[in-house]
Amino acid sequence: MASIQKKNNKYCVVYYCKDTEGKRKQKWETYDTKNEAKIRKAEIELKEKKGGIIVSNCKTLEDLINEYVELYGKDRWALSTYDGNMSLLKNYILPIIGKTPLTDINTRFLEIYYKTLTKTPSVPDLNGNVRSEFVSTSVIRDVHKLLKSCFNQAVKWDIMEKNPAFKATVPKHKSEKRVIWDAETFAYALDVCENECLKLCMNLAFAGSLRIGELLGLTWDCVDVSEEAIAENRTYIFINKQVERVSRNAVDELDSKEVILIFPSQRKNNKTVRVLKTPKTDTSERKVYIPKFVAQILVDIKKEQDELKDILGSEYQDYNLVMATTFGLPIGDSYLRDQMQKVIDEQGLPDVVFHSLRHTSVTYKLKLSGGDIKAVQGDSGHAQADMVTEAYGHIID
């Protein structure tokens, strides 16, 4: 039978259960109200009548996480998601609460843990950058999301009775409003930009509402800038790939079907590799029409590339990329960001990131279409229409 005991203004449900070896052990579960405790007590007693309660072999959170990654994560996560989640586990979860027995993890425990994270020093990212002195509230929300998913699986596997993260309060997070250029500023930036590669990328990002990885993964077989298409004003690009830098470990562990090819590394000891992969979501695959003048820039770039191939011969590594280095390899996203920052600093322009050009693009497409959300969603490749309305609701209003 289970009992209810009051402790520190909380209500604890105390009962006995058997582990997988048949040993009897006591378990405590804490609830905020007496009513919640009574409901839980009734659930336990009902299960006892049906044959008793068995505790899983997963004794600690680390045990559970290892099973979660192996059975769930490796099957469901994309490469970048795997890298991000493994980083959270390695830096902020396992070292701090990994050894905690599962029986000790409840909603109160998680809320104390989240509060502790706000005073925990941030760990540098893969590039050695530290974005804030302490763990940010956005990272804590990612930690919460990951733990919530992990505990959901534990409930499905009958390892835990309920998800302790479900009602846990997470520190408030205030999203910073993304600064974007208006049309006049964007036009001026194009006029003063002397880097032809950057200028083309800026034009494509704005005209096609492209993510930077989609831009770098664009291949010539997905571009129609023929004379006929230009004459009839139906030039377009087809987005069905993207370039992304991921860890070698992610590629090895996941054996991912989304990877089309792995580009050769410049250094043998690199921990990351650049890959050409399928797009972020199914809706990311799309056909986007582009203006004639952008099409003409692409025609000029193609002519230059063909001349380079003739000169370099076998030294040119041809991956059919639109945005390629002198020797055919993909251009790095850091190169584009650095070159854009250079223009911003030299011209005293509003400080924005390259991805903001996609936001500028969506903003003006919404204005030009009179708020046609579905049409703009088709161009931007957002998975759901409400992602457009949430980010750009002020424009629609």
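Residues numbered from 1 in each chain as written. Predicted model: local features only at pLDDT ≥ 70, side-chain atom pairs only at ≥ 80, totals over all residues. Heavy atoms only, no water.

Chemist: Help me understand the overall build of the chain, please; the structure alone is not making it clear to me.
Modeler: Helices and strands together make up the secondary structure of the chain, namely 15 helices and ten strands. Across the 397 residues of the chain, 43% fall into the buried class. Contacts in the chain between residues far apart in sequence, at least 24 positions, make up 64% of those at least 6 positions apart. On the chain, roughly 22,500 Å² of surface is accessible, and the fraction owed to carbon and sulfur atoms is 49%. (Helix = DSSP H or I, 4+ residues; strand = E, 2+ residues; numbered from the N terminus. Buried < 20%, exposed > 50% of the residue type's maximum accessible area, 1.4 Å probe, protein only. Contact = heavy atoms within 4.5 Å. Areas by Shrake-Rupley, 256 points an atom, 1.4 Å probe, with all protein chains shown as cover.)

Chemist: In this structure, what is going on with the packing of aromatic side chains? I would like to understand it.
Modeler: Each aromatic ring pair is specified by the distance between its two centres and by the angle formed by the two planes. Tallied over the full model, the rule gives seven aromatic pairs. Where Tyr-68 meets Tyr-72, the ring centres are 5.1 Å apart and the plane angle is 15 degrees; that geometry is what we call stacked. In this pair, Tyr-68 and Tyr-72 both sit in helix H2 (residues 61–76), four residues apart, roughly one turn of the helix. Per residue, the accessibility class of Tyr-68 equals that of Tyr-72, and both read buried. Ring centres of Tyr-113 and Tyr-114 lie 5.6 Å apart, and the angle between their planes is 45 degrees; on these two criteria the pair is classed as tilted. In this structure, Tyr-113 and Tyr-114 share a single accessibility class: buried. Residue placement shows Lys-7 over the ring face of Trp-28; its charged tip is 5.6 Å from the ring centre. The ring of Trp-220 has Lys-302 sitting right over it, with the charged end atom 5.7 Å from the ring centre. (Phe/Tyr/Trp six-rings, centres within 6.5 Å; stacked < 30°, edge-to-face > 60°. Lys NZ or Arg CZ within 6 Å of the ring centre and 35° of its normal.)

Chemist: What is the right way to read a negative patch on the surface from this model?
Modeler: On the surface, Glu-196, Asp-300, Glu-304, Glu-307 and Asp-310 cluster together to form a negatively charged patch. Looking at the negative patch element by element, the count peaks at four residues for helix H11 (residues 292–312). (Patch = residues over 30% accessible without salt bridge, like charges linked within 9 Å, V, L, I, M, F, W, Y side chains within 5 Å. Salt bridge = Lys/Arg side-chain N within 4 Å of Asp/Glu carboxyl O. Lys, Arg positive; Asp, Glu negative; His and termini not counted. Charge placed at Lys NZ, Arg CZ, Asp CG, Glu CD.)

Chemist: I tried to follow the confidence of the model for the chain on my own but got confused; where do I start?
Modeler: As a general rule, the predicted coordinates of low-pLDDT regions are not to be interpreted in detail. In the predicted model, the chain carries a mean pLDDT of 85, and the fraction of residues at 70 or more is 88%. Considering each helix and strand of the chain separately, the mean pLDDT is smallest for strand S4 (residues 54–55), with a value of 50, and largest for helix H4 (residues 107–117), with 95. (pLDDT = per-residue confidence, 0-100.)

Chemist: I keep staring at the side chain of His-144 and nothing clicks. Help me out?
Modeler: Position of His-144 relative to the elements: it lies in helix H5 (residues 137–156). We classify His-144 as buried; its relative accessible area is 12%. Here Tyr-114 takes part through its side chain, which lies 2.8 Å from a polar atom of the side chain of His-144. (Polar contact = N/O pair within 3.5 Å; in protein donor to acceptor, adjacent residues only side chain to side chain.)

Chemist: What is the right way to read helix H6 (residues 183–192) from this model?
Modeler: An α-helical segment advances 3.6 residues per turn. Residues three or four places apart therefore align on the same side. Along H6, the residues that are buried comprise Thr-185, Phe-186, Ala-189 and Leu-190. The arc that holds every buried residue of H6, seen down its axis, measures 140 degrees, which confines them to one face. Seen from the buried face of H6, the exposed residues on the opposite side, beyond 90 degrees, are Glu-184 and Asp-191. On its buried face, H6 is in contact with helix H7 (196–208), helix H12 (333–347) and helix H13 (356–368). (Arc of directions from axis to C-beta.)

Chemist: What am I meant to see in the state of the cysteines here?
Modeler: Every disulfide links exactly two cysteines, by a covalent bond between their sulfur atoms. Counted by the stated rule, this structure contains zero disulfides. Cysteine Cys-201 remains unbridged, with the sulfur of Cys-197 as its closest cysteine sulfur at 4.4 Å. (Disulfide = S-S within 2.5 Å.)

Chemist: When you look at the sheet that holds strand S7 (residues 242–247) in this model, what are you seeing that I'm missing?
Modeler: Strands pair in a sheet through their backbones, by hydrogen bonds, and they do so in one of two ways: parallel or antiparallel. The three strands are arranged S7-S9-S8 in an open sheet whose pairing can be described as antiparallel. A strand with exactly one partner marks an edge of an open sheet, and here the two such strands are S7 and strand S8 (259–262). Ignoring which end each strand starts from, the neighbouring axes of this sheet average 40 degrees apart. For S8 and strand S9 (residues 272–277), the ladder comprises three bridges, and the chain directions are antiparallel. Within S9, the position partnered with Leu-261 by the bridge is Leu-276. (Pairing = 2+ DSSP bridges. Axes fitted to C-alpha atoms, helices over the stretch in contact; angles between N-to-C directions.)

Chemist: Any chance you could explain the packing of H4 against H5 here in plain terms?
Modeler: The packing of two helices is summarised by the inter-axis angle and the distance between the axes. Running from N to C, H4 and H5 point in directions that differ by 150 degrees, and their axes come no closer than 10 Å. As summarised for this structure, H4 and H5 are arranged roughly antiparallel, according to the angle between their axes. By crossing handedness, the relation of H4 to H5 is classed as right-handed. Contact residues: Leu-110, Tyr-113, Tyr-114 and Leu-117 in H4; Ile-140, Val-143, His-144, Leu-147 and Phe-151 in H5. Looking at side-chain class alone, the contact of H4 with H5 contains eight nonpolar, one polar and no charged residues. (Parallel < 35°, antiparallel > 145°, perpendicular 65-115°, else oblique. Left-handed = near helix turned anticlockwise from the far one by under 90°. Nonpolar A, V, L, I, M, F, W, Y, C, P; charged D, E, K, R; others polar.)

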